[in-house]
Structure formats: C-alpha cells, structure tokens
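Now for the letters of each chain:
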Amino acid sequence: MVLTAWACLSSAFRLFQVSLLQTQLARERKCKQDYIECCAKTSQELSDLHRELSCSLAAVVREPEAAVLEAETRKLAQPL
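Fair warning: this is a prediction, and the values are worked out from it, not measured in the lab.

**Examining the side chain of Glu 72**
Then, number 1: Note on placement: Glu 72 falls in helix H2 (residues 66-77).
Then, number 2: Leave out the neighbours within four places in its chain, and Glu 72 touches Ser 56, Ala 59 and Val 60.

Here is the structure:
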C-alpha cells in the first residue's frame, strides 16, 4: 500500500516537473523569438539609416554647393 502511494506520488511529481520544464522552455523560446524580432527590426532601421546617409552624401558630392548641403542637413536633422 505504501509502495503504491509512493509510486503514485513519484509519478505525479515527475509529471509536475515535466510540465514545469515545458512551461520554462516555452518562455525561453518566446524570449528568444522576441530578441530575434528586435534584432531584425534594429538591423532594418540601421540599413534604412545607411541608405539615407548614402543618398544624402551622394547628393552633396554631385552638387557641392552650400544650398544642397543645407537642404541635406535639414533632411537628416528631422526625427527618425
């Protein structure tokens, strides 16, 4: 009788542990997925900024005049 109760208790505890580990794994997967999405967004923002700066520089190189430089400076000074 005691062994049967112990076996049931032991089995229940193992099921609880498995459930706990599954929950922890799901949480960790979610955190990793959120991190990957955040990194992808940051990478895209940096690519956009690089493209904008390259275009601005190209415009100034094409026409190295004060008016062009001022116009590009105003464009780049706008909030992202």
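**Focus: a nonpolar patch on the surface**
Then, number 1: Taken together, the side chains of Leu 46, Leu 49, Leu 53 and Leu 76 make up a nonpolar region of the molecular surface, amounting to roughly 320 Å² of accessible area.
Then, number 2: In terms of residues, the nonpolar patch owes the most to one element, helix H1 (residues 2-62), which gives three residues.
Then, number 3: Tracing the backbone shows Leu 49 in helix H1.

**So, the state of the cysteines**
Then, number 1: According to the stated counting rule, one finds zero disulfides in the structure shown.
Then, number 2: No disulfide involves Cys 31; its sulfur sits 12 Å from that of Cys 38, the nearest cysteine.
Then, number 3: Residue Cys 31 is classed as exposed on the basis of its relative accessible area, which comes to 52%.
Then, number 4: Left without a disulfide partner, Cys 38 is nearest to the cysteine sulfur of Cys 39, which lies 5.8 Å away.
Then, number 5: The exposure class of Cys 38 is partly exposed, given its relative accessible area of 47%.

What counts and how
- Residue positions are counted from 1 within each chain, in the order its sequence is given.
- Local features in this predicted model are restricted to residues of pLDDT 70 or higher, and side-chain atom pairs are both shown and tallied only at a pLDDT of 80 or more, whereas totals for entire chains, interfaces and linings draw on every residue.
- The side-chain values count all of the structure's non-hydrogen atoms but skip hydrogen atoms and water molecules.
- Helix and strand definitions follow DSSP, with helices as H or I runs of at least four residues and strands as E runs of at least two, each counted in order from the N terminus.
- Contacts were defined at the residue level, with two residues in contact if any of their heavy atoms lie within 4.5 Å.
- Patch construction takes residues with relative accessible area above 30% that form no salt bridge. Like charges are linked within 9 Å, and nonpolar side chains (Val, Leu, Ile, Met, Phe, Trp, Tyr) are linked within 5 Å.
- Only the protein chains shown count as cover for residues, and the accessible areas themselves come from Shrake-Rupley with a 1.4 Å probe.
- Each reported salt bridge corresponds to a side-chain nitrogen of Lys or Arg within 4 Å of a carboxyl oxygen of Asp or Glu.
- We call a pair of cysteine sulfur atoms a disulfide whenever their separation is within 2.5 Å.
- Think of it in three bands: residues with accessible area under 20% of the maximum for their type are buried, residues over 50% are exposed, and the middle band is partly exposed, with areas taken using a 1.4 Å probe on protein chains only.

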